[in-house]
Each structure stands twice: as C-alpha cells, then as structure tokens.
Amino acid sequence: MNTDWQEFLESKGARIQDGQVAHFGDAAAEIAHAQTGLIVADLSHLGLIQFAGEDAQTFLQGQFSNDVRLLNGTNSQWTAYCTPKGRMLASFLLWKNADSSYLAQLPAALREALQKRLTMFVLRSKVKVTNESDNRVRLGVAGPGAEAAVHAAMGDAPQSVHGLSRNDRGMVLRLPGDCFEIVVPAEQGAECWNALAQTCKPVGGDRWDWHMIRAGIPTVLPATQEEFVPQMANFELINGVNFKKGCYPGQEIVARTQYLGKLKRRMYLARISGDVAPAAPAAGDPLYSKDMQEQSSGIIVNAQPAPDGYDVLAVIQTSSAEAEQIHWKALDGPVLQLEPLPYPIPA
C-alpha cells in the first residue's frame with residue numbers, strides 16, 4: 001500500500017493489517033451495515049499489473065481466456081490465466097486505458113508471482129509489464145444509492161454492467177451487483193475518499209469481497225490455484241471465457257470441457273449459519289457429503305463473514321449438491337445452506 005495513502009486512511013480510523021484495511025474500528029457493525037447500507041472500501045488488497053507497449057494486446061490475447069480485442073476503453077471483462085492443463089492460476093478484472101495500455105487486477109497475494117510468470121513469456125514482444133498497485137487508489141462503492149454516490153464524487157457513473165467511464169477525475173467501472181470501482185491517481189485518493197465518505201460508510205476490504213461473493217464472482221486465491229478449470233468456477237457464466245478467440249494456455253482443455261460431456265463440478269453460493277469459532281471458513285477448505293463418504297465432494301472458493309454466519313462460494317460435485325447435504329471440513333461439520341446465484345446454472 002502507498003505510504004501516503006496508508007497514513008491518510010489511518011487518520012480516518014482505518015485499522016491496517018498486512019497492507020490492507022481490516023476495518024474502521026467496529027468490524028461487526030460493518031458486517032451488519034454492508035447487508036443493506038451504502039459502503040466505500042479501499043481495495044489495496046487487490047494488486048494491479050500494467051501491460052504497456054505496441055504488442056500488449058497481442059500478448060494478452062495469447063495468455064488470457066477472454067477476447068482482449070473486445071476491450072475498447074469503455075468496458076472491462078473478467079478473464080482467467082490458466083496452466084497448459086486448463087487449471088486457473090488467477091482470475092482478473094481487465095480493462096484498457098486511454099493510452100492503449102491494459103490494467104489487470106487480481107489479489108495482491110498473487111500479483112508478484114503472476115507478474116513474474118507473465119513477464120517470462122514476453123520474450124521479444126514490445127510489452128512492458130509493471131506493478132501499478134501503489135500508483136492508483138482504487139475504491140469500491142456498493143449498496144443502495146451507489147450510483148448516485150459515485151456520480152456525485154466522480155461526475156459520472158456507467159449505466160451498464162462492465163461499462164467504464166473516464167474524465168479528468170479518474171475512471172469508474174461498473175460491476176455486477178450494482179457495485180462500482182473508482183480508479184484515481186494516488187495523489188487524488190484523499191479528495192475522492194472524502195467526497196464518498198459523505199454518504200458511504202467506510203468499511204474494510206472484506207466487505208467488498210463479500211459483495212463479490214453475493215454477486216457470484218469467484219476470485220482465485222493462493223489456496224485454490226490450479227484447483228479449477230474455468231467452468232467449475234462458473235467463469236463462462238460471467239463472460240470470463242470466449243470460445244471464439246484463438247489459442248491461450250489450456251484453451252484446448254477448456255473448450256473440450258465446454259463441448260464434450262457434462263461438467264461434474266459447479267460453483268454454488270451458500271451460507272454457513274451460526275458460530276463456528278475458533279475456526280472460520282476459508283478458501284481451500286474441503287467439503288464433504290454422505291454420498292462421497294471420506295472423499296471430498298467440494299472445496300471453498302471464497303468466504304466472508306455475514307450476520308449470524310458466513311457467506312461462501314464453493315465448487316461442489318453437482319450430484320452431491322443436488323441430492324445431499326454438504327458439510328464444511330467433515331461429514332459431521334456445519335451444513336452449507338445453498339442459495340440461488342444471481343445468474344442461472346445450466347442443468
């Protein structure tokens with residue numbers, strides 16, 4: 001996190017842990033407010049990689065699962081970076097800048113390793129890959145009235161999901177679930193924050209992650225790297241995979257998964273109710289059901305606290321999800337109460 005930006009947030013009451021905002025003094029109150037209220041969150045727990053140069057588009061087109069050519073400076077897209085076996089190493093939010101460079105956002109815990117790996121494949125291409133995380137402040141705004149709050153602070157707000165608008169104040173991206181991400185130069189972060197804080201409650205970064213869970217948007221974390229082909233995490237359902245583009249690592253397996261046979265695992269939204277202390281659900285935790293006995297029938301993708309429990313995204317054996325109770329960490333563990341996603345899952 002940019003040092004000046006961290007000092008500013010701390011002056012506003014932020015409690016910083018491991019380079020990100022944990023909360024603003026009352027985590028429980030923030031969890032309750034985020035259910036129905038308007039929030040603003042610093043997104044420093046997400047890293048930002050910039051790809052610049054005349055070959056940037058061609059380079060990314062050969063690496064990611066989505067069609068980079070569809071980015072025109074007024075939109076964004078989800079995309080995945082896979083192994084040659086089609087397993088997801090990372091999930092990104094990707095968009096194009098006015099100068100034709102590209103910004104790829106992913107968890108900060110993965111940024112350095114993925115940046116290094118991608119740089120290895122640049123070879124003679126005219127592409128410069130740099131860490132942009134500390135140069136731009138990114139703020140997440142979500143909840144009732146989010147569009148009006150963003151418009152008041154930035155002078156504009158995109159009307160369509162994945163729309164991107166820009167002006168001399170910075171950029172605004174609209175994401176699913178009526179969530180907005182604001183991107184401004186680091187030196188303009190304080191002014192933007194103060195404008196938003198007039199109507200939005202400041203919260204920790206986990207409340208933004210909770211909104212992404214409720215929107216059914218998976219995030220690959222260190223504990224889940226190489227666990228899923230994109231379809232297992234519903235990535236094609238959120239338009240994160242383009243099946244008409246050219247080759248990229250794992251493309252053949254991703255295409256075969258789409259067109260041959262029935263997918264045996266899918267991602268579901270669920271609630272784990274009650275107090276499960278001292279532990280808490282986390283990415284990578286195994287799930288069990290009676291039909292699979294001691295063999296895991298699923299895995300937690302993302303998890304965040306919610307009132308009276310936790311909300312999670314979980315990749316589960318479809319046969320188990322349809323017929324059995326799913327339990328967290330053990331056959332007699334807490335039950336996952338499946339809830340409908342905001343988009344349909346194919347039968």
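Look a little higher up for the structure.
Residues numbered from 1 in each chain as written. Predicted model: local features only at pLDDT ≥ 70, side-chain atom pairs only at ≥ 80, totals over all residues. Heavy atoms only, no water.

Asks: If you had to explain the pairing of strand β3 (residues 39–42) to someone new, which residues and values would you point to?
Replies: Both faces of β3 are covered, namely the face carrying I39 and A41 and the face carrying V40 and D42. In the sheet, β3 pairs with strand β9 (residues 136–142) via four bridges, with the strands oriented antiparallel. Opposite D42, over in β9, you have L139 as the bridge partner. Bridge count for β3 against strand β13 (residues 201–203) is three bridges, and the pairing is parallel. Paired with I39 across the bridge in β13 is K201. (Buried < 20%, exposed > 50% of the residue type's maximum accessible area, 1.4 Å probe, protein only. Helix = DSSP H or I, 4+ residues; strand = E, 2+ residues; numbered from the N terminus. Pairing = 2+ DSSP bridges.)

Asks: Could you give me a rundown of the sheet that holds β13, with the residues and numbers involved?
Replies: Taken in spatial order, the six strands line up as β10-β11-β12-β9-β3-β13 in an open sheet, and their pairing is mixed. Edge positions in the sheet fall to β10 (164–167) and β13, since each has one partner strand and no second. Here the average twist between neighbouring strands, direction ignored, is 25°. Pairing analysis gives seven bridges linking β9 to strand β12 (residues 179–185), with the strands arranged antiparallel. Counterpart to G140 in the pairing with β12 is E181. Across the sheet, helix α5 (residues 146–154) is in contact with β9, β10, β11 (170–175) and β12; its angle to β12 comes to roughly 15°. (Axes fitted to C-alpha atoms, helices over the stretch in contact; angles between N-to-C directions. Contact = heavy atoms within 4.5 Å.)

Asks: Kindly report on the environment of P107, identifying the contributing residues and their values.
Replies: With respect to the secondary-structure elements, P107 resides in strand β7 (residues 102–107). For the pair P107 and T79, spaced 28 residues apart in sequence, the C-alpha separation works out to 14 Å. Apart from residues no more than four positions distant in its own chain, P107 is found in contact with H45, L46, G47, S91, T219, V220 and L221.

Asks: If you had to explain the nonpolar core to someone new, which residues and values would you point to?
Replies: W78, M88, W95, W208 and F228 are the most contacted members of the largest nonpolar core, which totals 46 residues. Per-element accounting of this core gives the leading share, four residues, to helix α7 (residues 205–214). In this structure, W78 is in contact with N66, F92, L93, H162, L175, P176, M212, I217, F235, I238, N239 and G240, ignoring residues within four places of it in sequence. Formed by 26 residues, the second largest nonpolar core is a distinct cluster that contains F24, V40, A146 and W193. (Core = buried A, V, L, I, M, F, W, Y, C linked by side-chain atoms within 4.5 Å.)

Asks: I'd love a proper account of the side chain of E181, names of residues and values included.
Replies: If you trace the backbone, E181 turns up in strand β12. In this structure E181 is buried but unpaired, with R138 as the nearest side chain of opposite charge at 4.9 Å. A distance of 3.0 Å separates polar atoms of two side chains, one belonging to E181 and the other to Q105. In this view, E181 contacts L43, L93, W95, Q105, R138, L139, M171, V172, L173, L175 and W208; residues no more than four positions away in its chain are not counted. (Lys, Arg positive; Asp, Glu negative; His and termini not counted. Salt bridge = Lys/Arg side-chain N within 4 Å of Asp/Glu carboxyl O. Polar contact = N/O pair within 3.5 Å; in protein donor to acceptor, adjacent residues only side chain to side chain.)

Asks: An account of the sheet that holds strand β4 (residues 46–52) is needed here, citing residue identities and associated values.
Replies: Strand order in the open sheet formed by five strands is β5-β6-β7-β4-β8, and the pairing between neighbours is antiparallel. The sheet is open, and its two edges are formed by β5 (76–82) and β8 (128–131), each paired on a single side. Strand-to-strand twist across the sheet, computed as the mean angle between neighbouring axes with direction ignored, equals 30°. Strand direction decides the pairing type here: β4 and β8, joined by four bridges, are antiparallel. For I49, the partnering residue across the bridge sits in β8 and is N131. Lying over the sheet, helix α4 (residues 108–120) contacts β4, β5, β6 (88–96), β7 and β8, oriented at roughly 135° with respect to β7.

Asks: Tell me about the state of the cysteines, and please be specific about residues and values.
Replies: Following the criterion strictly, the structure yields zero disulfides and no others. Take C192: it sits in no disulfide, and the sulfur closest to it among the cysteines is that of C200, at 9.7 Å. (Disulfide = S-S within 2.5 Å.)

Asks: So what's going on with the packing of helix α2 (residues 27–36) against α7? Which residues, and what values?
Replies: For any two helices packed against each other, the geometry comes down to the angle between their axes and how far apart the axes lie. At their nearest, the axes of α2 and α7 sit 10 Å apart, and the two run at 40° to each other. α2 and α7 meet at a crossing whose hand is right-handed. Residues E30, I31, A34 and Q35 of α2 touch α7, and the partners they reach there are R207, W210 and H211. Its residues assigned to classes, the contact of α2 with α7 shows three nonpolar, two polar and two charged. (Left-handed = near helix turned anticlockwise from the far one by under 90°. Nonpolar A, V, L, I, M, F, W, Y, C, P; charged D, E, K, R; others polar.)

Asks: Quick one: what's the story with the pattern of salt bridges, residue by residue and with numbers?
Replies: Evaluated as defined, the whole model comprises 11 salt bridges. Between E54 and K126 there is a salt bridge, with its nearest N and O atoms 3.9 Å apart. Residue E54 is found in the loop between β4 and α3 (56–61), and its partner K126 is found in the loop between α4 and β8; the two are separated by 72 residues along the sequence. Exposure remark for E54: the relative accessible area of 64% places this residue in the exposed category. A network of salt bridges, in which partner residues are shared, links R214, R271, D311 and E339.

Asks: Give me the lowdown on the environment of D99, citing residues and values where you can.
Replies: Here D99 lies in the loop between β6 and β7. Taking the C-alpha atoms as reference points, D99 and V203, 104 residues apart in sequence, are found 32 Å from one another. Polar contacts involving the side chain of D99 include one to the side chain of S101, which spans 2.6 Å.

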